[in-house]
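Each chain, written out:
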Amino acid sequence: MAAYAPTPYAHDLRLAPSETGDRSNAPSPESKRGNAKTVAERRRREGEGASKRVSASISTTSSPSSSSSSRSPDALDLAISYLKKRDGIDKVLKILRYTAKFLLAANQSRKVVAVSSSSYPSPAFAASSSSPSSFSTSFSSPTPPPPTTLALLRLEEEPLRRLKAFESAVGDARKAYRLGKFLQGLDAARRAAPGALRLQPAGVLAFLAAAGDGCYYFLDQFTFFVRAGVLHKSYAPRLARATAVCELVGYFGSASLHAAAIAACAQREAELVKMLRGARKLDLLTDCRGGDDEDDGDEGDEEEDDDEDETERRRRRQRNTTTNEATAASLVERELSALSAQRRARERGLAQDACDALLALSDLNETVASNPRVLALAGLTSALLGAKKVWG
């Protein structure tokens, strides 16, 4: 009697062995549990890796430091870094001070014109006069000149008083903020002393510029003490003359250095321009010769194979020569642009020294430069040029 073989259920069909096969191939329960554990472990690891990648991407996108480090600095960043510097704040205060000085000088000239015009009698007053002689005398007087100041610059008495107080306060703030700045000039003079001792022209000029600058800032501290009331006011005239002399010595050395650097940059620029023009002419000649060589090579291809190899080598040499010349031309143009920027910076420095020297001359001798509007414009120009230098 045949043994009864029960039919497997539908959910056990994937585990049942074939009829002709061996039942030893069927997976045991222990192997099935091991496979299940392996799959669960793999899924857990994949989930942990995905969560780490998501958290890393979220932290990268939400981190302000990473985003700020990747972006380029804007105007706000540049202004913050500018105002962190001592010279940056000094130039801002200088711009404010000489702007106020210019407004005061403009209104002072308007007052002078108004006072001079008030000395002339009006035609109505002359007409109402009963004396014919006074009538004729009043009309024979010259007509007062019209005021030359713009209407936008005209201020009343109270704003003028406040502007004068503001200008004085800003001047005191500049002097207070420059306490100890003479140490920079002392350090620059120490570094320029070896060249000055060897009587090198550049070393002597650099030493004069640094020494004059350092002496000016050193004496300017005592000027601040006089204005603050620590020292007696009788020292003010002598301190003003001494600081003006030190300023002029420093500006002489600095302006001479700027002029020498401008001349050297201009000479080097002329040499590079001549070199660049010669290289471009050589490129044109090389192109023309290359075309002739290509034609000769085509004719030689028809005659024999040796000419073809020679033409190929010649073309390769021409390509290498062209590449080297293009690289040299790009280097020359880069040096030209750098020299041009350096020359413009030196020209701005020379103009700034000229404006500051005019102010120093006015402190030393008021008859040399007595126009207050010209002096205010010179100071404002110097402040703007200095601000451009510190800004970079």
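Quick caveat, the model's predicted, so the values are computed rather than measured.

1. Brief notes about the overall build of the chain
At step 1: Scanning the chain from N- to C-terminus turns up 12 helices and 0 strands.
At step 2: Secondary structure of the chain in N-to-C order comes out as α-α-α-α-α-α-α-α-α-α-α-α.
At step 3: Across the 392 residues that make up the chain, the buried fraction comes to 24%.
At step 4: In the chain, 74% of the contacts between residues at least 6 apart in sequence involve partners at least 24 apart.
At step 5: Total accessible area on the chain stands at roughly 26600 Å², and carbon and sulfur atoms take up 60% of it.

2. Quick look at a nonpolar patch on the surface
At step 1: Residues L83, V92, L96 and F166 make up a contiguous nonpolar surface patch of roughly 310 Å² in combined accessible area.
At step 2: Since its relative accessible area comes to 45%, L83 is described here as partly exposed.

3. Section: the packing of helix α8 (residues 182-197) against helix α9 (residues 201-228)
At step 1: Interhelical geometry of α8 versus α9 gives an angle of 155° and a closest axis separation of 8 Å. Accordingly, the angle class assigned to the pair α8 and α9 is roughly antiparallel. Like other packed secondary-structure pairs, α8 and α9 cross with a definite hand, here left-handed. Contacts between α8 and α9 pair F182, G185, A188, A189, A192, A193, G195 and A196 from the former with G203, V204, A206, F207, A210, A211, G214, Y217, F218 and Q221 from the latter.

4. Overview of the nonpolar core
At step 1: Counting residues in hydrophobic clusters, the biggest one holds 7 residues: C265, L272, L276, A329, V332, L336 and L339.
At step 2: If you list the elements that add at least two residues to this core, you get α10 (236-303) and α11 (305-364).
At step 3: The element that contributes the greatest number of residues to this core is α11, accounting for 4 residues.
At step 4: In contact with V332, other than residues within four places in its own chain, are L272, M275 and L276.

5. Details of the side chain of K94
At step 1: Along the chain, the position of K94 falls in helix α4 (residues 86-118).
At step 2: Here K94 is in contact with R174, D356, G379, S382 and A383, once residues within four sequence places are set aside.

6. Details of the pattern of salt bridges
At step 1: Taken as a whole and assessed by the stated rule, the structure comprises 18 salt bridges.
At step 2: One connected set of salt bridges, linked through shared partners, spans R97, K101, K164 and E167.

7. Some points on the packing of helix α3 (residues 75-83) against helix α12 (residues 372-391)
At step 1: The contact between α3 and α12 brings their axes to 10 Å, and the two run at 105°. Compared by their axis directions, α3 and α12 come out roughly perpendicular. When α3 is examined against α12, the residues A75, L78, A79 and Y82 are found in contact with a partner set consisting of A387, V390 and W391.
At step 2: Here the contact of α3 with α12 is composed, by residue class, of 7 nonpolar, no polar and no charged.

8. Some thoughts on α9
At step 1: For α9, which comprises 28 residues, the first-to-last C-alpha distance of 41 Å matches the rise-based estimate of 40 Å (1.5 Å per residue) to within 8%.
At step 2: Among the residues trailing α9, G229 stands out with phi positive, at a value near 95°.

9. Some words on helix α7 (residues 157-177)
Structural remark: α-helix, 3.6 residues per turn; residues separated by three or four positions point the same way.
At step 1: An ideal rise of 1.5 Å per residue puts 30 Å on 21 residues; α7 measures up with 30 Å between its terminal C-alpha atoms.
At step 2: Looking only at α7, the buried set comprises L160, L163, E167, V170, G171, R174 and K175. Along the axis of α7, the buried residues cluster in a sector spanning 135°; they form a single face. Every exposed residue of α7 that faces more than 90 degrees away from the buried side is listed here: R161 and R162.

10. Focus on the packing of aromatic side chains
At step 1: Counted under the stated rule, the structure contains 6 aromatic pairs.
At step 2: Between Y82 and W391 the ring centres are 5.4 Å apart and the planes differ by 50°, which places this aromatic pair in the tilted class. Highlighted residues: Y82 in helix α3 and W391 in helix α12, separated in sequence by 309 residues.
At step 3: Owing to a relative accessible area of 8%, Y82 belongs among the buried residues under this scheme.

11. A short note on unusual backbone geometry
At step 1: Of note, the phi angle at L199 is positive, near 60°, even though the residue is not glycine.
At step 2: Here L199 is to be found in the loop between α8 and α9.

12. Quick word on the side chain of S382
At step 1: Its place among the elements puts S382 in helix α12.
At step 2: The class of S382 is buried, set by a relative accessible area of 0%.
At step 3: Those residues in contact with S382 that sit more than four places away from it in its chain are K94, Q352, C355 and D356.

Conventions we followed
Residues numbered from 1 in each chain as written. Predicted model: local features only at pLDDT ≥ 70, side-chain atom pairs only at ≥ 80, totals over all residues. Heavy atoms only, no water. Helix = DSSP H or I, 4+ residues; strand = E, 2+ residues; numbered from the N terminus. Buried < 20%, exposed > 50% of the residue type's maximum accessible area, 1.4 Å probe, protein only. Contact = heavy atoms within 4.5 Å. Areas by Shrake-Rupley, 256 points an atom, 1.4 Å probe, with all protein chains shown as cover. Patch = residues over 30% accessible without salt bridge, like charges linked within 9 Å, V, L, I, M, F, W, Y side chains within 5 Å. Salt bridge = Lys/Arg side-chain N within 4 Å of Asp/Glu carboxyl O. Axes fitted to C-alpha atoms, helices over the stretch in contact; angles between N-to-C directions. Parallel < 35°, antiparallel > 145°, perpendicular 65-115°, else oblique. Left-handed = near helix turned anticlockwise from the far one by under 90°. Core = buried A, V, L, I, M, F, W, Y, C linked by side-chain atoms within 4.5 Å. Nonpolar A, V, L, I, M, F, W, Y, C, P; charged D, E, K, R; others polar. Expected span 1.5 Å × (residues − 1). Arc of directions from axis to C-beta. Phe/Tyr/Trp six-rings, centres within 6.5 Å; stacked < 30°, edge-to-face > 60°.

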